[in-house]
Amino acid sequence: MAISKRAVRVRNVLIGGDEPCICAPVVGADAGQVLEETRQISAKKPHLIEWRADFFQAIHDEQQVAATAREMRAIAGDIPILFTVRSELEGGRPISLTEEEKLRLFETVCQSGAIDLLDYELAHEPYVPAVRQLTRCYGVRLVLSYHNFDCTPSKEELVAKMRQAEQHGADIAKVAVMPTSRQDVLALLQATEEARQGLEIPLITMSMGGLGAITRLVGGLFGSAVTFAVGQQSSAPGQIPIEEVRDVLSVIMKYSQ
Ligand SMILES: O=C1C[C@@](O)(C(=O)O)C[C@@H](O)[C@@H]1O
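All residue numbers here refer to positions counted from 1 along the written sequence of the relevant chain. Totals for whole chains, interfaces and linings use all residues, but because this is a predicted model, local features are given only for residues with pLDDT of at least 70 and pairs of side-chain atoms are given and counted only at 80 or more.

**Q** Explain the pairing of strand β7 (residues 141–148) to me, using residue names and the numbers behind them.
**A** Burial within β7 is extensive, with seven of its eight residues counted as buried. Here the rule is simple: two strands pair whenever DSSP picks up at least two bridges between them. A run of DSSP states H or I qualifies as a helix once it reaches four residues; a run of E qualifies as a strand once it reaches two. Both are numbered from the N-terminal end. Pairing of strand β6 (residues 117–121) with β7, which is carried by five bridges, proceeds in the parallel orientation. The residue bridging Glu121 from the neighbouring strand is Ser145, located in β7. Whether a crossover is right-handed comes down to one check: with the strands pointing away from the viewer, does the path from the first strand over the helix to the second run clockwise; if it does, it is right-handed. In this view, the connection linking β6 to its parallel neighbour β7 by way of helix α4 (residues 128–137) has right-handed handedness. The pairing of β7 with strand β8 (residues 172–177) spans six bridges and is classified as parallel. The residue of β8 that forms the bridge with Ser145 is Lys174. As a crossover connection, the stretch from β7 through helix α5 (residues 155–167) into β8 is right-handed. The burial criterion counts other C-beta atoms lying within 10 Å of a residue's C-beta, which is placed from the backbone; the residue is buried at 20 or more, exposed at 12 or fewer, and partly exposed between these limits.

See below:
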């Protein structure tokens, strides 16, 4: 399976080791929903939990976000938490935070000690160095990501995105794209395999929607270190329930080399 030269250890979880990790998203709109989802998901023991904070109505209130993150931390125990504020341009909820406001929010949330990883989009390139610096300062791992909900760019462009993430100092590079054909699905897998050979950091890749769902199961064989699966609610098209992903991964791991 996917072994990265620079696998990342977060709490007791190895990302980019020889076992693909399962990450379940939390998409609640208020603290009550977020914490209830965290409870339900934690019971299913994913390797990672992602808080998609762009779904959180009080996203503008840094203190409320940090307090909720701390409560999630208490519930999740030792399961690492990935904090994500996805922009609308890359498939997130409409929120009106500027990048400067996001930076302040990131600082407050990193400072709270509640989160382990932070996702930031490569598209906001001018802000990436500041996000890298602050995450490093608080010991939070940085995932630099690229999403395209309309199409799948060429294999070369996908590899270039992952390389760009590594060059910007990402701990992990992530690419999520929408296929319109089976060729697109293959392009994503080929890009993953090439990036695995050429890069040192762990990769997270997926082709979305029903056409791409297969990549959420076999991506690990080509170098994807994490697959996103539904714990309570889906955060993107094509996600499969955690129980079914776990069953399939165990068969793949048993018989593949
Ligand atoms: O980037 C990703 C991947 C994702 O879009 C998916 O397709 O599973 C789901 C998002 O929540 C996450 O931030």
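Still more to cover.
**Q** So what's going on with helix α3 (residues 99–111)? Residues and values would help.
**A** A helix is expected to reach a length of 1.5 Å times the quantity of its residues less one. Over its 13 residues, α3 extends 18 Å from the first C-alpha to the last, a length consistent with the 18 Å expected when each residue adds 1.5 Å. Looking at α3, one finds that the buried residues are Leu105, Phe106, Val109 and Cys110. Axial view of α3: buried residues confined to an arc of 130°, hence all on one face. The inward-facing, buried residues of α3 contact α2 (62–76), β5 (81–84), β6 and α4. Gly113 sits one or two residues past α3 and shows a positive phi near 75°. In this description, the arc belongs to the directions extending from the helix axis to the C-beta atoms. Contacts here follow a simple rule: the backbone-placed C-beta atoms of the two residues must lie within 7 Å.

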